[in-house]
Amino acid sequence: MKRICVFCGSNPGLGDAYMEAARTLGRSLAESGVGLVYGGAKVGMMGAIADAALAAGGEVVGVMPSSLIQSEIAHRGLTELHEVTSMHERKALMEQLSDGFIAMPGGFGTLDEFCEILTWAQLAIHRKPCGLLNVAGYYDAFLTFLDHAVGQHLLKAQHRQLILVDDSPHALLERMKQYAPVHHEKWITSVPL
């Protein structure tokens, strides 16, 4: 596994747990020889994970739309910073550059990125591991919602199992490295008329 893309908040969140998890994951990636791909910002959890990976000698690749670079939130000390024209182009390039994906706590942007990458996995557009770093139970309600969707037959259980979940950055990274993709049958169920 050469690089993992991490989706996370551009805010630090409440308390120290989220920022500390970002720093731990950044260090863990670098110490494992795995590069970081992320949104390219110098602020919040995004800045913390990048700074920690860089401090530990890791490769850090940012991908950011021009409009956000012009807002002066781009991290200027990265190994590489790719400037793109749109959020759509950002997500596509992040997927191309990465061998797996982790979502840390975040807001709409993090959920958008992670849900899109999960949809691509469901459709077999990629067969890369997708993990949730469930810091301090942040994603408990989201995971409960996904289980509810399975119970309502709106999400297949096999697709719910595409998500690797752990509250430890080290443990999640190890699970990502050992991930073996499973072939799933056609994702749309025929409905009798």
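Residues numbered from 1 in each chain as written. Predicted model: local features only at pLDDT ≥ 70, side-chain atom pairs only at ≥ 80, totals over all residues. Heavy atoms only, no water.

Draft legend 1. How the structure looks around empty space enclosed by the protein. All chains considered together, the criterion is met by one cavity of 30 Å³ or more. Considering only enclosed or pocket space, the largest cavity measures out at about 40 Å³ in volume. Forming the boundary of the largest cavity are F7, K91, M94, E95, F101, E113, E116, I117 and W120. Going through the elements one at a time, helix 4 (87-97) and helix 5 (108-122) are the ones with two or more residues in the lining of the largest cavity. At four residues, the largest contribution of residues to the lining of the largest cavity is made by helix 5. For the lining of the largest cavity, a count of residues per class yields five nonpolar, no polar and four charged. (1 Å grid on protein atoms, 1.4 Å probe; cavity = no way out; pocket = protein on both sides within 12 Å on 5 of 7 lines; lining within 4 Å. Points joined across faces, edges and corners; volume = space filled by probe spheres on them. Helix = DSSP H or I, 4+ residues; strand = E, 2+ residues; numbered from the N terminus. Nonpolar A, V, L, I, M, F, W, Y, C, P; charged D, E, K, R; others polar.)

Draft legend 2. Representation of the environment of Q122 in the model. Assignment of secondary structure puts Q122 in helix 5. Classification of Q122 by relative accessible area gives partly exposed; the value is 22%. (Buried < 20%, exposed > 50% of the residue type's maximum accessible area, 1.4 Å probe, protein only.)

Draft legend 3. Up close: unusual backbone geometry. Within the chain, A124 stands out as a residue other than glycine whose phi angle is a positive 60°. Assignment of secondary structure puts A124 in the loop between helix 5 and strand 6 (130-133).

Draft legend 4. Up close: the packing of helix 1 (residues 17-31) against helix 8 (residues 169-177). At a closest axis distance of 9 Å, the pairing of helix 1 and helix 8 adopts a crossing angle of 45°. Compared by their axis directions, helix 1 and helix 8 come out oblique. Judged by the sense of rotation from one axis to the other, the crossing of helix 1 with helix 8 is right-handed. On helix 8, the residues touching A21, T24, L25, S28 and L29 of helix 1 are P169, H170 and L173. Of the residues assigned to the contact of helix 1 with helix 8, the class counts are five nonpolar, three polar and no charged. (Axes fitted to C-alpha atoms, helices over the stretch in contact; angles between N-to-C directions. Parallel < 35°, antiparallel > 145°, perpendicular 65-115°, else oblique. Left-handed = near helix turned anticlockwise from the far one by under 90°. Contact = heavy atoms within 4.5 Å.)

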